[in-house]
Amino acid sequence: MNAPYLLIVDDDPLNRRVLEAMLAGEGYRTVSVGSGRESLAAVGAEPPVVILLDLMMPEMDGFEVVRRLRADTATRTIPIVAVTAIDDAGSRARLAAAGVVDVLAKPVERWALSACLARLLEKR
């Protein structure tokens, strides 16, 4: 069986490295990009099974990435998990309405990431 492919999107290289390190030993194949535009290109090249998406990025924020992915029939069903320091009820409601399946608070805890991915991959 092929390793599940996850796309990590965050403008902070340290945050990307931390997520990559957490996932490295768990049998996932990851690709990391640093912007919303790069994420759309990466999804077009190879659709991941899950996208881990930062919300606060310059140029194109995570909300816009979600909007674009959900508007495209080829990408609308890819599970998107917001990985963010934003933790207010309004933002969570906006994310849920946009089609984000889960929210992980930064700094991400390994157990929370593992549990989230296990739930999502079990549904596949």
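Provided above is the structure to which this section pertains.
Report follows, based on the coordinates. Treat the numbers as computed from the prediction; the structure is a model and nothing was measured. (Residues numbered from 1 in each chain as written. Predicted model: local features only at pLDDT ≥ 70, side-chain atom pairs only at ≥ 80, totals over all residues. Heavy atoms only, no water.)

Side note on the sheet that holds strand β4 (residues 80-84)
Taken together, 5 strands build an open sheet; the order of strands is β2-β1-β3-β4-β5 and the sheet is parallel. The sheet terminates laterally at β2 (29-33) and β5 (102-105), the two strands that pair on one side only. Taken over all neighbouring pairs, the strand axes of this sheet differ in orientation by 20 degrees on average, direction set aside. Its contacts with the sheet place helix α3 (residues 62-71) against β3 (50-53) and β4, and it is angled at close to 160 degrees to β3. (Pairing = 2+ DSSP bridges. Helix = DSSP H or I, 4+ residues; strand = E, 2+ residues; numbered from the N terminus. Axes fitted to C-alpha atoms, helices over the stretch in contact; angles between N-to-C directions. Contact = heavy atoms within 4.5 Å.)

Focus: the pairing of β2
Looking at chain direction, strand β1 (residues 5-9) and β2 are connected through 5 bridges and run parallel. Following the sheet pairing, Val9 is matched in β2 by Val33. With helix α1 (residues 13-24) bridging β1 and its parallel neighbour β2, the resulting β-α-β unit is right-handed. (Right-handed = clockwise from strand over helix to strand, strands pointing away.)

Comments concerning the nonpolar core
Among the nonpolar cores identified, the biggest contains 22 residues, and Leu7, Val9, Ile51, Leu53, Ile80, Leu95 and Val100 are the most heavily contacted of them. Beyond its immediate chain neighbours, meaning those up to four positions away, Leu53 contacts Val9, Gly62, Val65, Val66, Ile80, Val81, Ala82 and Val83. In terms of nonpolar packing, the next biggest core, distinct from the first, is built from 19 residues, Met22, Val108, Cys116 and Leu120 among them. (Core = buried A, V, L, I, M, F, W, Y, C linked by side-chain atoms within 4.5 Å. Buried < 20%, exposed > 50% of the residue type's maximum accessible area, 1.4 Å probe, protein only.)

Some details on the packing of aromatic side chains
Evaluated as defined, the whole model comprises 0 aromatic pairs. If you follow Arg94 out to its NZ or CZ, it ends over the ring of Phe63, 3.7 Å from the centre. (Phe/Tyr/Trp six-rings, centres within 6.5 Å; stacked < 30°, edge-to-face > 60°. Lys NZ or Arg CZ within 6 Å of the ring centre and 35° of its normal.)

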